[in-house]
Amino acid sequence: MAPTVTSFMNSLGTNVEEPVRQHLRNVYACLTMSTISAAVGAYVHMFTQWMSGGLLTVLASTGLILLLLATPDTGKNRQLRLSYLLGSAFFTGMGMGPLLDMVVRVDPSIIVTAFLSTAAVFVSFSASALLATRGSWLYLGGTLMSLLSSMFLFSLMNIFFQSYLLYQAHCYLGLLLMCGFVLYDTQLIMEKRRMGDKDFVTHSLDLFIDLVGIFRRLVVILTEREQQRKNRRD
């Protein structure tokens, strides 16, 4: 394990210049805090009576994201912008509460499995983006936008057809899409920093959205599989 980590760090030091590495450290630090904030939000929904996830939490999360994007980074207002980010993450986690409630009724261990799988997938694709040739994954932008449009089309079609196959395609295509966005967003963040953009708070928001997208879809896929397994056993 240690030689692998050492090799990764050496490769990273060779491929990525120091200002970009420092920027990425800030981005991943914000991402870690956002993940913790989302976990707290989910905990509040599931284990307290203080507040529950629903439409209001979705609106609150969206509103804080808009406030963050509407507040330019001046270097002096980063604490304020970070509070917007963490608040949005908190309400995002709370908004996932109803989904997690359903998962707990099927098998609580799915949540842990989905979280660990999400971490493994995210780290793997992030490492691939960091060690790849500069800009080699940026070409994915057009393809990812096309897939995003296809997912929207699948959602509209499924409203009318109520097809299980379309639902499955939407889940797996969404998972593939989020993995692609990890590659794309990571390299895009690096290029933005090279062009002078030091706004690591907004950059971490992009990766947080990718992370939540992967987790949400893994939870749904694993729950579906476990439910099917129980139905066959019964």
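Residues numbered from 1 in each chain as written. Predicted model: local features only at pLDDT ≥ 70, side-chain atom pairs only at ≥ 80, totals over all residues. Heavy atoms only, no water.

Engineer: How should I be thinking about the packing of aromatic side chains in this particular structure?
Structural biologist: Between two aromatic rings, the relevant description is the distance of the centres plus the angle of the planes. Enumeration over the complete set of coordinates arrives at four aromatic pairs. Between the aromatic rings of Tyr 43 and Phe 47, the centroid separation amounts to 5.0 Å while the plane-to-plane angle is 40°, which identifies the pairing as tilted. Remark: Phe 47 and Tyr 43 occur in helix α2 (residues 18-47); sequence separation between them is four residues, near one turn of the helix. A relative accessible area of 48% places Tyr 43 in the partly exposed class. Since its relative accessible area comes to 57%, Phe 47 is described here as exposed. Ring geometry for Phe 181 and Tyr 184: centres 6.5 Å apart, planes at 75°, overall edge-to-face. Separated by three residues within a single helix, Phe 181 and Tyr 184 lie in helix α8 (residues 164-194), roughly one turn from each other. (Phe/Tyr/Trp six-rings, centres within 6.5 Å; stacked < 30°, edge-to-face > 60°. Helix = DSSP H or I, 4+ residues; strand = E, 2+ residues; numbered from the N terminus. Buried < 20%, exposed > 50% of the residue type's maximum accessible area, 1.4 Å probe, protein only.)

Engineer: What exactly am I supposed to notice about the state of the cysteines here?
Structural biologist: For the structure on display, the rule yields zero disulfides. The thiol sulfur of Cys 171 is not disulfide-bonded, and the nearest other cysteine sulfur, from Cys 179, lies at 14 Å. Among the residues examined, Cys 171 registers a relative accessible area of 7% and is labelled buried. (Disulfide = S-S within 2.5 Å.)

Engineer: Can you walk me through the pattern of salt bridges in this structure?
Structural biologist: Note that side chains of opposite charge can pair when their charged atoms are close. Following the criterion strictly, the structure yields eight salt bridges and no others. Across the salt bridge formed by Arg 78 and Asp 73, the nearest N and O atoms sit 3.3 Å from each other. Using a relative accessible area of 28% as the deciding quantity, one classes Arg 78 as partly exposed. Within this structure, Glu 17, Arg 134, Glu 191 and Arg 194 form a network of salt bridges that share partners. (Salt bridge = Lys/Arg side-chain N within 4 Å of Asp/Glu carboxyl O.)

Engineer: Looking at this structure, I do not really get the UniProt feature "transmembrane region" (unreviewed entry) in the chain. What am I missing?
Structural biologist: UniProt annotation of "transmembrane region" (unreviewed entry) refers to residues 50-70, 82-104, 110-131, 138-161 and 167-184 when read in the numbering used here. The span residues 82-104 is 96% helix and 0% strand, and its two end C-alpha atoms sit 31 Å from each other. Taken end to end, residues 110-131 is 100% helix and 0% strand, and its first and last C-alpha atoms sit 31 Å apart. (UniProt positions renumbered as here; feature names shortened; annotations may be inferred.)

Engineer: What is the right way to read the environment of Thr 35 from this model?
Structural biologist: With respect to the helices and strands, Thr 35 occurs in helix α2. As for Thr 35 and Leu 211, which are separated by 176 residues in sequence, their C-alpha atoms are 8.7 Å apart. When residues no more than four places from it in sequence are discounted, the contact partners of Thr 35 are Phe 115, Phe 208 and Leu 211. (Contact = heavy atoms within 4.5 Å.)

Engineer: Just to check I follow, could you spell out a nonpolar patch on the surface for this structure?
Structural biologist: On the surface, a cluster of nonpolar side chains totalling about 620 Å² of accessible area is made up of Phe 152, Leu 156, Ile 159, Phe 160 and Phe 161. Mapped onto the elements, Ile 159 comes out in helix α7 (residues 140-161). (Patch = residues over 30% accessible without salt bridge, like charges linked within 9 Å, V, L, I, M, F, W, Y side chains within 5 Å. Areas by Shrake-Rupley, 256 points an atom, 1.4 Å probe, with all protein chains shown as cover.)

Engineer: Before we go on, may I ask you to explain the side chain of Ser 37 in this structure?
Structural biologist: Looking at where Ser 37 falls in the secondary structure, it is placed in helix α2. Of the residues examined, Ser 37 reaches a relative accessible area of 13% and is grouped as buried.

Engineer: What exactly am I supposed to notice about the nonpolar core here?
Structural biologist: The nonpolar side chains of a soluble globular protein tend to be buried, and buried together. Counting residues in hydrophobic clusters, the biggest one holds 56 residues, and the most contacted among them are Ile 214 and Phe 215. With 13 residues, helix α9 (residues 200-233) is the largest single contributor of residues to this core. The contacts of Ile 214, once residues within four sequence positions are left out, are Thr 118, Val 121, Leu 175, Met 178, Cys 179 and Val 182. (Core = buried A, V, L, I, M, F, W, Y, C linked by side-chain atoms within 4.5 Å.)

Engineer: What should I look at first to understand α8 in this one?
Structural biologist: Each α-helix turn comprises 3.6 residues. Residues three or four places apart therefore point the same way. In this model, α8 (31 residues) spans 45 Å end to end at C-alpha, consistent with the 45 Å of a helix rising 1.5 Å per residue. Of the residues trailing α8, Gly 196 is marked for its positive phi of about 105°. (Expected span 1.5 Å × (residues − 1).)

Engineer: Sorry if this is basic, but what is going on with helix α3 (residues 55-70) here?
Structural biologist: Given a rise of 1.5 Å per residue, 16 residues ought to cover 22 Å, and the 22 Å separating the end C-alpha atoms of α3 matches this to within 8%. For α3, every residue scored as buried is listed here: Thr 57, Ser 61, Leu 64 and Leu 68. End-on, the buried residues of α3 take up no more than an arc of 65°, which puts them together on one face. In α3, the exposed positions that point more than 90 degrees away from the buried face belong to Leu 55, Leu 56, Leu 59, Leu 66, Leu 69 and Ala 70. (Arc of directions from axis to C-beta.)

Engineer: I keep staring at the confidence of the model for the chain and nothing clicks. Help me out?
Structural biologist: In this model, the chain carries an average pLDDT of 89, and 93% of its residues clear a pLDDT of 70 or more. Across the chain, the secondary-structure element scoring lowest on mean pLDDT is helix α1 (residues 2-15), at 56, and the one scoring highest is helix α4 (residues 78-95), at 96. (pLDDT = per-residue confidence, 0-100.)

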